[in-house]
Amino acid sequence: MRVLVTGGSGFLAAWIMRRLLRTGLSVRAFDLRAGSPLLASLAPGQAAAVQWATGDVALASDVSQAMSGCDAVIHLAGILTPACALDPVRGAQINLIGTLNVFEAARVAGLKSVLYASSAGVFGLDDGAVPFPQTFYGAFKLACEGAARAYWHDHGIASIGFRPLVVYGAGRETGSSAGPSLACRAAARGEPYTIPFTGSTGLVYADDVAAAYEAALGAPPRGAHVFTLAGDIVAMDRVIGQIGAIVPGARIDAQGAPLPIATSFPVDPSLAQLLPDLPHTSLENGLRDTVAFYR
């Protein structure tokens, strides 16, 4: 099986491709540029096996060419909240039109399902059950979820989308919620760092998200599903304390408003039914592994 991973140069793609390569799958990565230094660090003996295709996800012809010969797709390409806020039109071209291009290329190629990245940004500040985005990024992601349902109803293409909260781990160094990962990097280097938000949020370890995509790849569903991956809802004070326990003397603090995302999410029993036994990495172990990577 050959799997196309869009956004292949990105942080989460590296963690997912690491898992796919370990299971012996053929991987084609698609991005504006070829190569992933993070994947080379996470899977040094296997990264060279990735086939790279370059292009723009906002261009249907580029996506179609990348999809040629692939049996499955994990669609991760997109730009994050700050970039969408700076240029909403370009954000829509990449995050929404790009997603439509992936679904359309999958339809033409005869694929039966699509796995894609949504976001907990579809929720507002107070409600983790009913989507109410307050950012361009969240609005585009919610539109992608609607498009996925339309492709199921109109064309029979099944899908699974995941809405992770704050994904942390080695290589998470960009985006408005990268603070916990950057704090681990700073602690490992003996540098001070201020996490740019306070309050509580959900932290989910990168390899746990990657495991969810790997499991979904082996269990193509019927219907259009989307699942929230909340991880552990923790206060930044706890994160700072845990990093301090791992690196005594770490100079980490936090300032700024809490992230504008809800902190309470209902448990969806259908996730465990469709994808049983997904792993859960404790906050202590996830932070410890992240610090170890940067050391």
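This write-up is about the structure you can find in this document. These figures come from a predicted structure and were not determined experimentally.

1. Re the packing of aromatic side chains
What describes a pair of aromatic rings is the distance from one ring centre to the other and the angle between the planes of the rings.
Inference 1: Tallied over the full model, the rule gives nine aromatic pairs.
Inference 2: With a centroid separation of 5.6 Å and an interplanar angle of 65°, the aromatic rings of Phe-123 and Phe-265 are classed as edge-to-face. One end of the pair, Phe-123, is in the loop between β5 (113-117) and α6 (136-155); the other, Phe-265, is in the loop between β12 (252-254) and α10 (269-274), with 142 residues separating them in the sequence. For the pair shown, Phe-123 and Phe-265 are each scored as buried.
Inference 3: Ring geometry for Tyr-168 versus Tyr-205: centroids 5.4 Å apart, planes at 55°, classification tilted. On the criterion of sequence distance, the pair formed by Tyr-168 in strand β7 (residues 166-168) and Tyr-205 in strand β9 (residues 200-205) is long-range, its members being 37 residues apart. Like Tyr-205, Tyr-168 is buried.
Inference 4: These aromatic residues form a ring-pair network of at least three members: Trp-15, Tyr-168 and Tyr-205.

2. Quick notes on the layout of surface pockets
Inference 1: In this structure, the second largest pocket spans a volume of roughly 630 Å³.
Inference 2: Lining of the second largest pocket is provided by 29 residues; of these, Thr-228, Leu-229, Ala-230, Gly-231 and Leu-271 occupy positions nearest its centre.
Inference 3: Those elements that place two or more of their residues in the lining of the second largest pocket are β9, α8 (206-217), β10 (224-229) and α10.
Inference 4: When grouped by side-chain class, the residues that make up the lining of the second largest pocket number 19 nonpolar, five polar and five charged.

3. Considering the pairing of β5
Inference 1: The buried fraction of β5 amounts to five of the five residues, a majority that puts the element mostly inside the structure.
Inference 2: Residues Ser-113, Leu-115 and Ala-117 of β5 are buried on one face, and the alternating residues Val-114 and Tyr-116, pointing to the opposite face, are buried as well.
Inference 3: In this structure, strand β4 (residues 72-75) lies alongside β5, joined through two bridges in parallel fashion. Bridge pairing links His-75 to Tyr-116 in β5.
Inference 4: As paired strands, β5 and strand β6 (residues 158-164) are joined by five bridges and run parallel to one another. Looking at β6, one finds that Ser-113 is bridged to Ala-158.
Inference 5: With α6 bridging β5 and its parallel neighbour β6, the resulting β-α-β unit is right-handed.

4. Examining the state of the cysteines
Inference 1: If you walk through the whole model with that rule in mind, you get zero disulfides.
Inference 2: With no disulfide partner, Cys-70 has as its closest neighbouring cysteine sulfur the one in Cys-144, 20 Å distant.
Inference 3: With no disulfide of its own, Cys-84 has Cys-144 as its nearest cysteine by sulfur position, at a separation of 10.0 Å.

5. Observations concerning the sheet that holds β7
Inference 1: As summarised here, the arrangement of the three strands in space is β7-β9-β11, forming an open sheet in which the pairing is mixed. The strands lining the two open edges of the sheet, one partner per strand, are β7 and β11 (232-235). If you compare each strand with its neighbour and ignore which way they point, the axes differ by 45° on average.

6. As for the pattern of salt bridges
Inference 1: What the rule picks out here adds up to eight salt bridges.
Inference 2: Arg-19 is paired through a salt bridge with Glu-214; the nearest N and O atoms lie 2.7 Å apart. Taken together, the residues Arg-19 in helix α1 (residues 11-22) and Glu-214 in helix α8 connect sequence positions 195 residues apart.
Inference 3: Arg-90 is the partner of Asp-56 in a salt bridge, and the nearest nitrogen-oxygen pair spans 3.1 Å. Taken together, the positions of Asp-56 in the loop between β3 (51-54) and α3 (60-67) and Arg-90 in helix α5 (residues 88-109) put the pair 34 residues apart, joining distant regions of the chain.
Inference 4: Owing to a relative accessible area of 28%, Arg-90 belongs among the partly exposed residues under this scheme.
Inference 5: Beyond isolated ion pairs, a larger network of salt bridges with shared partners links Arg-18, Arg-19, Asp-207 and Glu-214.

7. Points about α1
Given 3.6 residues per helical turn, the α-helix brings residues three or four places apart onto the same face.
Inference 1: Between its first and last C-alpha, α1 extends 17 Å over twelve residues, near the 16 Å set by a 1.5 Å rise per residue.
Inference 2: For α1, the tally of buried residues reaches ten of twelve residues, placing the bulk of the element in the interior.
Inference 3: Taken together, the buried positions of α1 are Phe-11, Leu-12, Ala-13, Ala-14, Trp-15, Ile-16, Met-17, Arg-18, Leu-20 and Leu-21.
Inference 4: One or two steps after α1, the chain reaches Gly-24, where phi turns positive at roughly 90°.

8. Details of α5
Inference 1: Taking 1.5 Å of rise per residue, 22 residues should cover 32 Å, and α5 covers 30 Å from first to last C-alpha, within 8% of that figure.
Inference 2: Taking the largest bend as the criterion, α5 deviates by roughly 30°, centred on Ile-97.

9. Describing the environment of Pro-220
Inference 1: Relative to the assigned elements, Pro-220 resides in the loop between α8 and β10.
Inference 2: Spatially, the C-alpha atoms of Pro-220 and Ala-72 are 9.9 Å apart, while their sequence positions differ by 148 residues.

The rules we used
- The numbers attached to residues start from 1 for each chain and follow its sequence in the written order.
- Per-residue local features of the predicted model are confined to residues with pLDDT of at least 70, and side-chain atom pairs are confined, for both listing and counting, to 80 or more; whole-chain, interface and lining totals are unaffected and use all residues.
- As a rule here, side-chain values cover all heavy atoms of the structure and leave hydrogens and water aside.
- When the centres of two rings from Phe, Tyr and Trp lie within 6.5 Å, Trp using its six-membered ring, the rings pair. Their planes under 30 degrees apart give stacked, over 60 give edge-to-face, and anything left gives tilted.
- Numbering of helices and strands starts at the N terminus; helices are DSSP runs of H or I of at least 4 residues and strands are runs of E of at least 2.
- Burial here depends on accessible area, computed with a 1.4 Å probe over protein chains only, as a share of the maximum for the residue type. Under 20% is buried, over 50% is exposed, and the range in between is partly exposed.
- Grid points spaced at 1 Å over the protein atoms alone were grouped into cavities, where a 1.4 Å probe fits but cannot get out, and pockets, open sets with protein on both sides within 12 Å along at least five of seven lines, with lining residues defined by an atom within 4 Å of a point.
- Grid points are joined across faces, edges and corners, and a volume is the space filled by probe spheres set on the points.
- Residue polarity is assigned by list, with Asp, Glu, Lys and Arg as charged and Ala, Val, Leu, Ile, Met, Phe, Trp, Tyr, Cys and Pro as nonpolar; anything else, Gly included, falls into the polar class.
- Between any two strands, pairing holds if DSSP finds at least two bridges.
- Every crossover in which the path from the first strand over the helix to the second runs clockwise, viewed with the strands pointing away from the viewer, is termed right-handed.
- To count as a disulfide, a pair of cysteine sulfur atoms needs to be within 2.5 Å.
- In this analysis an axis means a line fitted to C-alpha atoms, helices contributing only their contacting stretch, and an angle means the value between N-to-C directions, from 0 to 180 degrees.
- Take a side-chain nitrogen of Lys or Arg and a carboxyl oxygen of Asp or Glu: if they are within 4 Å of each other, that pair is a salt bridge.
- Take the residue count of a helix, subtract one, and multiply by 1.5 Å to get its expected span.
- Values of bend correspond, residue by residue, to the angle between axes fitted over the seven residues ending at that residue and the seven starting there.

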